[in-house]
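# Inside the fold
Spelled out, the chains give:
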Amino acid sequence: MIDKIKIYDLNIDLPDLERKAVCLGNFDGVHLGHQKLMKNNLEISNKNDLVPAVLLFKENTKLRLKDEKSYLTSLDDKIEILASMGIETFCLIDFDEKFMNLSPREFIADIVSKKLNAGYVICGPDYRFGKKASGNTATLKRYENEYDYKTSIVDFEKEDDHTKISSNHIRDLVRAGNIKKASKFLGRNYRIRGLVVEGYKRGRTMNFPTANLKMPFNYVLPKDGVYLSRVRIDNEEFFGLTNVGDNPTFENENRKSETYILDFDRDIYGKEISVEFLEFFRDDIKFSSKEDLIVQMNKDKEMAYEHIGQILK
């Protein structure tokens, strides 16, 4: 599916002539609410002979608007997930001063109509756009005839009877270590990815060698602790024990993610891997000695095999 997608840089490329149905939003996490929009897009595209597409910012908008500095999904993650759902075209744009200062009508005229060539736009009820977020779904409806498109407003996907699923809440759940609930609202296991780099190699001396992850993207990390995880390397999957924290027993300073991959003995330095968090096991605590840490790590390993047995049943 990935090799069939088209990616357009709206800041550089000429307008694309394909008539599209375009989802509008930020889509951090591509959670169940976002997926509901994509399903609506695919239905509309099939019915109206349009190309299913998404408008994506090259960087997360909250980097400019708020204090949020870490996110659930990178741009590459979003494209991979959305392409697997059937989205065919990705239109990328800078969230820069010029874009932020577009009036709602200018956004519709210049972006929706001219650059996206949209026959349909799909968004949630709370979608806002234009300078100071002054445009909303009513604005989109108002200019439909003038700019020859239609608007589909998709209701929220709910956590319960009252609360909508939101990226903000999922980020908070991940930070709290509530991985199972976060993954439920994402519709898949929460995942980070990066390159395996050399660490202090203390794990090797304890017969627990770990893959230290250098992340090129600022992912939200779960709270410090040990997690059962699933690791993907070169299209192969393995289970592992992932530690998030600063190794308090050895008084390291930097918070990081490192994974002991079960039943695995290969050199993977420099490889990109992904780590899915499956379940929180325990807090990251300081042990009185290296020997005490080894005893606990063996207990963690035993518990991991027990849980894996349940997963594979």
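Check the entry above for the structure.
Okay, so let's go over this structure. Predicted, not measured: the structure shown is a model, and the values here were computed from it.

### Looking at the overall build of the chain
The helix and strand inventory of the chain stands at eleven helices and twelve strands. The principal-axis extents of the C-alpha atoms in the chain amount to approximately 75 × 40 × 35 Å. Going through the 313 residues of the chain one by one, you find that 52% of them count as buried. Put simply, 73% of the contacts in the chain that link residues at least 6 apart link residues at least 24 apart. Here the chain carries 50 positive and 52 negative side-chain charges, and the mean point of each set is 3 Å from the other.

### Quick word on the sheet that holds strand S6 (residues 150-153)
Sheet architecture is open: six strands sit in the order S1-S4-S3-S2-S5-S6, paired in parallel fashion. Bordering the open sheet on either side are strand S1 (6-9) and S6, each of which pairs with just one other strand. Put simply, the sheet's adjacent strands are angled 25 degrees from each other on average, direction ignored. The strands touched by helix H5 (residues 104-115) within the sheet are strand S3 (51-57), strand S4 (89-93) and strand S5 (118-123), with S5 carrying the most contacts at an inclination of about 115 degrees.

### Regarding the packing of helix H8 (residues 167-175) against helix H9 (residues 179-186)
Contact geometry of H8 with H9 gives a least axis separation of 8 Å together with a crossing angle of 155 degrees. By the angle between their directions, the pair H8 and H9 is classed as roughly antiparallel. Crossing handedness for the pair H8 and H9: left-handed. On H9, the residues touching His169, Ile170, Leu173 and Val174 of H8 are Ile179, Lys181, Ala182, Phe185 and Leu186. Partitioned by chemical class, the residues of the contact of H8 with H9 number seven nonpolar, one polar and one charged.

### What about the pairing of strand S8 (residues 211-214)?
Inspection of the sheet shows strand S7 (residues 190-197) paired to S8 by three bridges, in the antiparallel sense. If you follow Val197 over to S8, its bridge partner there is Asn212.

### Focus: the packing of aromatic side chains
Enumeration over the complete set of coordinates arrives at 13 aromatic pairs. When the ring of Tyr127 is compared with that of Phe129, the centres are 5.6 Å apart and the planes differ by 20 degrees; the resulting orientation is stacked. Taken as a pair, Tyr127 and Phe129 share a single burial class, namely buried.

### Structural notes on helix H3 (residues 75-85)
Among the residues making up H3, those that are buried are Asp77, Lys78, Ile79, Ile81, Leu82 and Ala83. On its buried face, H3 is in contact with S1, helix H1 (32-48), S3, S4 and S7. Just past H3, the residue Gly86 takes up positive phi, approximately 115 degrees.

### Examining the environment of Asp263
Tracing the chain through its elements places Asp263 in the loop between strand S11 (256-261) and strand S12 (272-283). With 23 residues separating them in the primary sequence, Asp263 and Gly240 have C-alpha atoms 8.8 Å apart. Polar contacts involving the side chain of Asp263 include one to the side chain of Tyr305, which spans 2.9 Å.

### Concerning the side chain of Ser152
Within the secondary structure, Ser152 sits in strand S6. A polar atom in the side chain of Ser152 sits 2.7 Å from the side chain of Asn40. Ignoring any residue separated from it by four or fewer positions in sequence, one finds Ser152 in contact with Asn40, Ile44, Tyr120, Val121, Ile122 and Cys123.

### Looking at the environment of Ile12
Among the secondary structure elements, Ile12 is positioned in the loop between S1 and strand S2 (20-23). Relative accessible area serves as the criterion here: at 65%, Ile12 is assigned to the exposed category.

### Focus: unusual backbone geometry
A negative phi holds for most residues other than glycine; trans holds for most peptide bonds. The backbone phi angle of Asn117 is positive, close to 50 degrees, even though this residue is not glycine. With respect to the helices, strands and loops of the structure, Asn117 is situated in the loop between H5 and S5. Although it is not a glycine, Asp263 adopts a positive phi angle of roughly 55 degrees.

### A short note on the nonpolar core
Formed by 30 residues in total, the largest nonpolar core has its most connected members in Ile170, Val174, Tyr190, Ile192, Ile233, Ile261 and Ile273. Residue assignment for this core shows that the elements contributing at least two residues are H8, H9, S7, S8, strand S9 (225-233), strand S10 (236-245) and S12. Among the elements that make up this core, the one with the highest residue count is H9 (four residues). Contact partners of Ile261, with chain neighbours within four places excluded, come to Ala211, Val231, Ile233, Phe238, Phe239, Gly240 and Ile268. Core analysis: the second largest hydrophobic core is formed by 27 residues, Tyr8, Val22, Ala118 and Tyr149 among them.

The rules behind each value
Residues numbered from 1 in each chain as written. Predicted model: local features only at pLDDT ≥ 70, side-chain atom pairs only at ≥ 80, totals over all residues. Heavy atoms only, no water. Helix = DSSP H or I, 4+ residues; strand = E, 2+ residues; numbered from the N terminus. Buried < 20%, exposed > 50% of the residue type's maximum accessible area, 1.4 Å probe, protein only. Contact = heavy atoms within 4.5 Å. Lys, Arg positive; Asp, Glu negative; His and termini not counted. Charge placed at Lys NZ, Arg CZ, Asp CG, Glu CD. Pairing = 2+ DSSP bridges. Axes fitted to C-alpha atoms, helices over the stretch in contact; angles between N-to-C directions. Parallel < 35°, antiparallel > 145°, perpendicular 65-115°, else oblique. Left-handed = near helix turned anticlockwise from the far one by under 90°. Nonpolar A, V, L, I, M, F, W, Y, C, P; charged D, E, K, R; others polar. Phe/Tyr/Trp six-rings, centres within 6.5 Å; stacked < 30°, edge-to-face > 60°. Polar contact = N/O pair within 3.5 Å; in protein donor to acceptor, adjacent residues only side chain to side chain. Core = buried A, V, L, I, M, F, W, Y, C linked by side-chain atoms within 4.5 Å.

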